[in-house]
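Residue-level structure breakdown
So the chains spell out like this:
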Amino acid sequence: MDTNPYFLPSYKGSKDFSQTDVPNANATGFCAASDDFAERGIDLNEQLIRNKPATFFMRVHSNAMIGAGIHDGDVVIVDRSIKPTNGKVVIAALNGEMLIRYYEIHNKKERLLPATRKLAPIEIDPFAQFEVWGVVTYVIHSV
Amino acid sequence: MKAIVDCNSFYCSCEQVFRPDLKGKPIVVLSNNDGCIISRNPEAKRLGIGQAGPFFKERPIIEEHNVTLFSSNYNLYGDMSRRVMEVLKLFVGEDNVEVYSVDEAFLDVDEFPLQQLHILSEEILHTIKQWTGIQTSIGIGPTKTLSKVANRLAKKHHEIANKIVILDTQEKVIAALQQTPVGDIWGIGRRYADKLLTLGVETAWDVRNLSEAWARQHLGGVVGVRMVKELRGEPALFMQEALTKKKMIATSRMFGEAVTQLADIKEAIATYAGRTAEKLRRQKSAASVASIFLVPQEKIESPHFQHGPTVSTYTILPQPTSLTHELIKAAVTMAVSIFQEGKKYKKAGVIVSGLVPDNAIQANLFEEGKSIGRFLMDMVDNINFSMRGDVVKFAASGVTRNWKMRQQQLSPRYTMRWEELCEVK
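Residues numbered from 1 in each chain as written. Chains lettered and ligands numbered in written order. Predicted model: local features only at pLDDT ≥ 70, side-chain atom pairs only at ≥ 80, totals over all residues.

Looking now at the overall build of chain B. Each helix and strand in chain B was counted, giving 15 helices and 13 strands. Here chain B has a C-alpha radius of gyration of 25 Å; the compact-globule value for 425 residues is 22 Å, and the two agree. With the principal axes as the frame, chain B shows a C-alpha extent of 70 × 55 × 50 Å. In chain B, which comprises 425 residues, the share counted as buried stands at 39%. (Helix = DSSP H or I, 4+ residues; strand = E, 2+ residues; numbered from the N terminus. Rg over C-alpha atoms; globule rule 2.2 N^0.38 Å. Buried ≥ 20, exposed ≤ 12 C-beta atoms within 10 Å, placed from the backbone.)

Here we take up the nonpolar core. Across soluble globular proteins, you tend to see nonpolar side chains buried next to one another. Counting residues in hydrophobic clusters, the biggest one holds 92 residues, and the most contacted among them are Ile91 and Ile100 of chain A together with Leu88, Leu107 and Ala150 of chain B. When neighbours within four sequence positions are excluded, Leu88 of chain B is seen to be in contact with Val5, Val97, Ala105, Leu107 and Ile124 of chain B. If you look at the next biggest cluster of nonpolar residues, it comprises 31 residues, including Phe255, Val259, Ala273 and Met334 of chain B. (Core = buried A, V, L, I, M, F, W, Y, C linked by C-beta atoms within 7 Å. Contact = placed C-beta atoms within 7 Å.)

Quick look at the interface of chain B and chain A now. Facing the 18 residues of chain B at the interface are 24 residues of chain A. Within the residue set of the side of chain B that touches chain A, elements represented by two or more residues are helix 4 (74–92), helix 5 (117–132), helix 15 (371–387) and strand 13 (422–424) of chain B. Of the residues that constitute the side of chain B that touches chain A, the class distribution is seven nonpolar, five polar and six charged. The pairing of strand 1 (residues 55–60) of chain A with strand 13 of chain B spans three bridges and is classified as parallel. What sits directly across from Arg59 of chain A, in strand 13 of chain B, is Glu423 of chain B. (Nonpolar A, V, L, I, M, F, W, Y, C, P; charged D, E, K, R; others polar. Pairing = 2+ DSSP bridges.)

With that settled, the discussion passes to the pairing of strand 1 of chain A. Where strand 1 of chain A meets strand 2 (residues 75–79) of chain A, five bridges bridge the pair, whose relative direction is antiparallel. Following the sheet pairing, Met58 of chain A is matched in strand 2 of chain A by Val76 of chain A.

On to the confidence of the model for chain B. All names here are of chain B. Scored by pLDDT, chain B has a mean of 86; 93% of the residues are at 70 or more. At the level of individual helices and strands, chain B shows its lowest average pLDDT in helix 7 (residues 158–161), which scores 71, and its highest in helix 1 (residues 10–17), which scores 95. Listed scores for the predicted complex are pTM 0.83 and ipTM 0.83. (pLDDT = per-residue confidence, 0-100.)

Here you go:
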């Protein structure tokens, strides 16, 4: 039985593919013209994960970022290797709590901004236990 | 130069990455079955909680100081370890990393000029912390053993050394050796340490100055010679290739509660046999010898702490196999033969050895071909791996599982399971 490797549990993602793994039409008649244009299929790991050892998935349990299209129950992809800059959506650890907010820094003053009117922006007290845990790169939302 | 990178309180750190509320608070990780303490963070160490101690002994301190407990979550630790190792491979190249254990790796940094090693070390530590949240320390020396000496100092004096110690001059090597007690040298166990101390050999510097002939005679032959050479800065231990195929495979667990019924023992043995067969197939091996062991509970009433004698037996399989049902059959038969009514058991295990490649199994004239069994096993493995769990299993391995190990404080598998992701508000 010949199965495509991406259906097998040992599948490691398309980056480990060599060109010999690219599927051909395997036509028995006239060689399919499409074989000249064969490529590996689209792989979400390749599209959505830029830096594997630094990438984590997290589940959102609030509507704080609803205006940014991030809903309660969505999964976000978080990359810890990206530097947080103004306007990025980040995961922040503030006084022991994991929050998802817009990050803002002006004159060394940091703020966390929600994407909803129902919550207030948070000014980061310089003495608070605060750390940007990672930067959100994509959101996975089930429709 | 060789380097060793070592994660600080690794299991605890893995737990803390996802629990910012535990920052600066004492936590400990317990062994399988929640029996012993196997990892403590610095805050827990400061409370005086002992390493590798039985959990019940430390219970008073743990309760008094509200120490957070975790059952070991090897799923999470394995993934975090892989991330750390991947970062190291990015820095020095895949061929120059030897993963020594789940939280340690040797690096061959010969390609880097001496004066760049400090910057390289800083970059490595910073990147691992940034990308994975794990704090590491690094020791560099002319040999593996000296890198270990350096790493010990890096951890011990972390405030001054900033978790980096590089022994790049002869003076530094000498100073480091003089500060290292014999018991802390990599490769010297307690027995040799005691022996050396009675002979007046107190530090690594003293060991370095022993003659090779003496080391050969008194420090375990060639192993001792290598150690002395390594301490002198002459490499005698080289980077090792990863062990991709094991020569022996074992699966054993403590029971959650003492087990007295044969039915439970049979279930447990069948489960471990199933897991063992799976591991065999994963490395494309087949086993020719199967053995099992049962560990009775120690008698608590007796004045001396007594380990009940382990009972074990083995059988030579009619033909090397990696098929679950064949291994279960052999293992359960053995379990029945050594089980004793009225005894309480606390642990059991299955071990296979005499491993051969599974495509070169010597056919036995009196046995039928196994190709169908192998096809079935591949299907079962496929389903179990892709569904993540024992979805399809043999009935012999049980449905009640009274004996299952205790893991009361297990944290979510944050990085491996879609249903157990870390939650954010």
